[in-house]
Amino acid sequence: MARNPSRASAALAAALVAGSGGATAAPQSRAGVTVVNQTAPMPSGPQGAMLLAKNWPSYRAAFVKPEGRVVDNGNGNISHSEGQGYAMVLAVATQDREAFDLIWRWTERELYIRDDGLAAWRWEPGSTPNVTDRNNASDGDLLIAWALGEAGARWDAPEYTRAMKRIAAAIFKHNVISSRVGPVLLPGAVGFDAKSQPDGPVVNLSYWVFPAIDRLEVLAPEHDWPGLRRSGLTLLSEGRFGPLRIPPEWLALGPERSAPAAQFERRFSYNAIRIPLYLAWSNRVSPEHLRPFVAMWNPTEDIGPFILDIDDGKASGNFDGAGYRLIFALAQCIAAGRPVPVALATARNELYYPATLALLSTLAISERRPKCL
């Protein structure tokens, strides 16, 4: 990692590109939806599926309480719908039905307390009541629905399938709205529409969990998942700003063109870092969409990735954890043919968020890009 991230600026792009195989960070002119074919030769190494199976038990021991609550130890030991959904996705992928059942039962009991079929997003230990924000986070519901759908199919469990169907219907009823680019996903049921924001509606592009959308298109085909995919890719294409041409955490749609949302920080940070992971994980997204992210980490010098200001490209901090860098290694594998370093894929992450991103990246490699590792 760079020792002095405050010195990074727009010139950082050139330095990072030099260590990423010459890939450019050019903005995209339009959205594209294709099946990705990875043809670059890759060396043999540990398989993603083997690493996932090996690392899941220690992850479960570190972050999943016996009752099924997933603990974010880097954020006051809170739990959130997103974290419950991630753990459910990982549990079904590793065929750990015991863990899946525990996590889902806790999630259903503690978070699905709203009357609209969506989960309250934030749960805090020591608070009364434990739910301290009843608004939902649509990516959390999306992840949970995806995991339930996979579990219902894998274990022939119709109760999971029914729960998936209920949540998917609630997402489209309360979080998906029409827009100039098609159906878009509001981050929450409250606070992000045109009535709530001066430049609304406001979206968060990291909430488009493309692998979830891909699978739910099959598992719950009664909803317009293809339209949701297209809108996300369109907004990613037009939502590139500043000298590095990167998306902000929060994006205002605008009547004709998107812009960084007025009432939110104008930066690329802990939300947006998931965007390249979700793009890489989908086999329905062109690798061209990954180009702006390829240059964010220089593997030769281990520089980056950074928290970046949208307007001037300057760094205000770095993402400290191997799990963050693994996302960009995967992006470089797909877009530039650079294999994922084995040492990075096997590195330990002490904090919940980079540890989770590392396992999700490993799962993405296992499912979609096995030649990357």
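Numbering of residues starts from 1 in each chain and follows the order in which that chain's sequence is written. Two thresholds apply to this predicted model, a pLDDT of at least 70 for residue-level local features and 80 or more for giving and counting side-chain atom pairs, whereas whole-chain, interface and lining totals are computed over all residues. In computing side-chain properties, one takes all heavy atoms of the structure into account and sets aside hydrogens as well as water.

A run of H or I in DSSP becomes a helix once it reaches four residues, and a run of E becomes a strand once it reaches two; helices and strands are each numbered from the N terminus. The span one expects for a helix is its residue count, reduced by one, times 1.5 Å. Compared with the 20 Å implied by 1.5 Å per residue over 14 residues, the 20 Å span of helix α4 (residues 97-110) between its first and last C-alpha is a close match. Only protein chains enter the accessibility calculation, which uses a 1.4 Å probe; a residue is then buried when its area is under 20% of its type maximum, exposed when over 50%, and partly exposed in between. Listing the buried residues of α4 in full gives Ala99, Phe100, Asp101, Ile103, Trp104, Trp106 and Thr107. Those residues of α4 that are buried lie in contact with α2 (48-63), β1 (79-80), α3 (81-93), β2 (122-123), α5 (138-154) and α6 (158-174). Contact definition: two residues touch when any of their heavy atoms are within 4.5 Å.

Turning next to the sheet that holds β1. Two strands qualify as a pair provided that DSSP identifies no fewer than 2 bridges between them. An order of β1-β2-β3 is seen for the 3 strands of this open sheet, with the pairing classed as antiparallel. This sheet does not close on itself; its edge strands, each paired only once, are β1 and β3 (131-133).

A word on the layout of surface pockets. Over the atoms, a rolled probe matching the size of one water molecule traces out where space is still vacant. Note on definitions: the grid is 1 Å and covers protein atoms alone; a cavity is a set of points where a 1.4 Å probe fits but cannot get out; a pocket is an open set with protein on both sides within 12 Å along at least five of seven lines; lining residues have an atom within 4 Å of a point. Grid points are joined across faces, edges and corners, and a volume is the space filled by probe spheres set on the points. By volume, the largest pocket is sized at about 780 Å³. Lining the largest pocket are 31 residues, with Asn75, Glu82, Trp121, Tyr270 and Asn271 sitting closest to its centre. No other element matches helix α13 (residues 352-368), which puts 3 residues into the lining of the largest pocket. Put simply, Ala, Val, Leu, Ile, Met, Phe, Trp, Tyr, Cys and Pro go in the nonpolar bin, Asp, Glu, Lys and Arg in the charged bin, and everything else, Gly too, in the polar bin. Tallied by class, residues from the lining of the largest pocket come to 13 nonpolar, 9 polar and 9 charged. Quantified by volume, the second largest pocket comes out at close to 300 Å³. As for the second largest pocket, its lining consists of 15 residues, of which Asn55, Ser58, Ala347, Arg348 and Asn349 are closest to the centre. Among the elements that line the lining of the second largest pocket, the one with the most residues is α2, at 5 residues. Its residues assigned to classes, the lining of the second largest pocket shows 8 nonpolar, 5 polar and 2 charged.

Now for the state of the cysteines. By definition, disulfides here are pairs of cysteine sulfur atoms that lie within 2.5 Å. Counting across every chain of the model gives 1 disulfide. Each sulfur of the disulfide joining Cys333 and Cys372 lies 2.0 Å from the other. Across the S-S bond linking Cys333 and Cys372, the dihedral sits near -95°, which makes this disulfide left-handed. Residue Cys333 is found in helix α11 (residues 322-336), and its partner Cys372 is found in the segment after α13; the two are separated by 39 residues along the sequence. You can call Cys333 buried: its relative accessible area is 0%.

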